[in-house]
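Take a look at the letters that make up each chain.
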Amino acid sequence: MTWLPAKSLIRFRSVSKKWNSLISSSKFKADYTTRHALLQNLLICNSQSSTVRGWEGLLVSMVDDDTFSEQLYVTTPESLELKELQIVGSSHGLLCFVGVPGFGFDRLKYTPNDVVIWNPSINNFVSIFMLNVKKGCLHGQYSFIGFGVCPNTLDPKIVKFLTCKCRCNVDVEVFTLSSRVWRSPLSNTIMLRKNIDFTYPYNNVVIDGFIYWFVFERRERINMIVSFNLTNEEFTEIQLSDEIQLSLKWSYHIDSRIFKFKESLAVVLQKAPQEDFEVWKMEINGVTRSFTRLFNIEIPDLSVIKLCGFNKNGQLILEMDNHGSRDLVAYEPYTKRINNLVNNGRSGSFMVTSYTESLLLCDRYPTKLGLTRLDPFKKADPLLGRKWTPNIHRRQR
């Protein structure tokens, strides 16, 4: 039964108690996830028009292959409004979003304190509330998160970083969906330096049970990568090669990010002009990490705005300018072949991520996990029920 579509299996649970118990079991979910791990899909959020409340757009899902021929429009649950959310990452078929501030903030459904985990295969989601209050600091505070699924337990985890403008330190908490509790990481052997800047907080990549971020160390003025082990919850600093450091120091880069490239981590340096990309792949040999230059890409005939990612075969997913509107294309670096994916978007309108068929969240109804205590300096256990929100942030609809 593991070869069947996830939506069909959800319907089959109502056939009998035995089938429901089988499909909802942890072993069946793990076998299903393993079988569909290589059958990837691309999910493209395309913003087509601007409104007071954000963007109104389309969700397009397509099979991640060389042709991108099978394209389907995706509908979300009525209570899930992706127009107010920023994508964080994907893992084991689950997508994670966080609320973003915007105009008409008091009319928005989601705030920067809201996190949503959504399974597009079965169209089920949960919403989680974060309390972003840093004790003992009166300076401006801000937070960002990382997301991944533990490969051993298939338990979704959210890693929250809470810091302030004075950069006195970085508080880290971990939320697991099974326990519904914000807590400290299990391992405290390596603490994050307080002088680390997460260059792109929501540019995190999940590969083989690790979450990766691209960071900048202000004191030594160098770039590096920070990883988080989803199993033992340990942080590790990964030093970039001298060639990458020199290239970042002496070349003018308009963008430097990390992406998933063929099941490996890749550092992409986008130079000026935008059409010049330098791609480095991280090699893992035991406990050591090294970087190998894959290729330099020059696309002089295209009006490239930004790199949105790679597909599973290594093609570049690029946002391009088309006489004022924005198009999304797949570019093959060796044959220089171009596939048009989505047309007529707005500037910065595309969000692209990959996902696989999964049964995770199949036993959860759409709900909100909120705080049950009002003391902002106590660690409250998020439980099912009504969500508490301060009046200074928003009013309930």
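None of the values given here were measured: they were computed from a predicted structure.

**Points about the nonpolar core**
Leu94, Val115, Ile117, Ile128, Ile145, Phe147 and Ile158 are the most contacted members of the largest nonpolar core, which has 19 residues in total. Core analysis: the next-biggest nonpolar cluster, separate from the first, contains 18 residues, Phe161, Val170, Val226 and Phe228 among them.

**With respect to helix 3 (residues 26–35)**
What sets the pattern is the α-helix's 3.6 residues per turn: residues three or four places apart point alike. For helix 3, the set of buried residues is Phe28, Lys29, Tyr32 and Thr33. For helix 3, the arc enclosing every buried residue in end-on projection is 135 degrees, short of the 170-degree limit, so these residues lie on one face. Of the exposed residues in helix 3, those oriented more than 90 degrees away from the buried face are Ser26, Lys27 and Thr34.

**Quick notes on a nonpolar patch on the surface**
Side chains of Met1, Val15, Trp19 and Leu22 sit close together on the surface and give an oily, nonpolar patch of about 340 Å² of accessible area. Mapped onto the elements, Met1 comes out in the segment before helix 1 (6–12). You can call Met1 partly exposed: its relative accessible area is 33%.

**A word on the side chain of Glu233**
Note on placement: Glu233 falls in the loop between strand 15 (222–229) and strand 16 (235–239). A polar side-chain atom of Glu233 sits 2.7 Å from a polar atom in the side chain of Arg183. A polar contact of 2.8 Å, which involves the side chain of Glu233, links it to the backbone nitrogen of Leu186.

**Quick notes on unusual backbone geometry**
For Leu154, which is not glycine, the phi dihedral falls at a positive 55 degrees. Using a relative accessible area of 16% as the deciding quantity, one classes Leu154 as buried. Positive phi is not limited to glycine here, since Arg221 has a value of about 55 degrees. A relative accessible area of 61% means that Arg221 is categorised as exposed.

**As for the sheet that holds strand 22 (residues 316–322)**
Taking strand neighbours across the sheet as the criterion, the four strands line up as 21-22-23-24 in an open arrangement whose pairing is antiparallel. Strands at the two margins of the open sheet, each flanked by one partner only, are strand 21 (304–310) and strand 24 (338–345). Direction aside, neighbouring strands of the sheet carry axes that sit 25 degrees apart on average.

**Structural notes on the pattern of salt bridges**
Inspection of the entire model under this criterion finds 10 salt bridges. Residues Lys157 and Glu233 are paired through a salt bridge, measuring 2.9 Å at the closest nitrogen-oxygen approach. Placement of Lys157 in strand 9 (residues 156–164) and of Glu233 in the loop between strand 15 and strand 16 is noted, with a sequence separation of 76 residues between them. In this structure, the salt-bridge partner of Glu263 is Lys260, at a minimum N-O distance of 3.4 Å.

**Considerations on the environment of Phe259**
Tracing the chain through its elements places Phe259 in strand 17 (residues 253–261). A relative accessible area of 12% places Phe259 in the buried class. Along the sequence, Phe259 and Leu307 sit 48 residues apart, while their C-alpha atoms lie 9.7 Å from each other. Filtering out sequence-adjacent residues up to four positions away, Phe259 remains in contact with Val205, Ser264, Leu265, Ala266, Val268, Leu307, Cys308, Gly309 and Phe310.

**Side note on the confidence of the model for the protein chain**
Summarising the model, the protein chain shows a mean pLDDT of 77, and 75% of its residues fall at 70 or more. Element-level mean pLDDT values for the protein chain span from 34 in strand 27 (residues 383–384) up to 92 in strand 13 (residues 204–207). Residue range residues 370–397 is modelled with pLDDT below 50. Its contacts to residues more than four positions away, or to other chains, number 65 contacts.

Criteria and thresholds
Residues numbered from 1 in each chain as written. Predicted model: local features only at pLDDT ≥ 70, side-chain atom pairs only at ≥ 80, totals over all residues. Heavy atoms only, no water. Core = buried A, V, L, I, M, F, W, Y, C linked by side-chain atoms within 4.5 Å. Buried < 20%, exposed > 50% of the residue type's maximum accessible area, 1.4 Å probe, protein only. Helix = DSSP H or I, 4+ residues; strand = E, 2+ residues; numbered from the N terminus. Arc of directions from axis to C-beta. Patch = residues over 30% accessible without salt bridge, like charges linked within 9 Å, V, L, I, M, F, W, Y side chains within 5 Å. Areas by Shrake-Rupley, 256 points an atom, 1.4 Å probe, with all protein chains shown as cover. Salt bridge = Lys/Arg side-chain N within 4 Å of Asp/Glu carboxyl O. Polar contact = N/O pair within 3.5 Å; in protein donor to acceptor, adjacent residues only side chain to side chain. Pairing = 2+ DSSP bridges. Axes fitted to C-alpha atoms, helices over the stretch in contact; angles between N-to-C directions. Contact = heavy atoms within 4.5 Å. pLDDT = per-residue confidence, 0-100.

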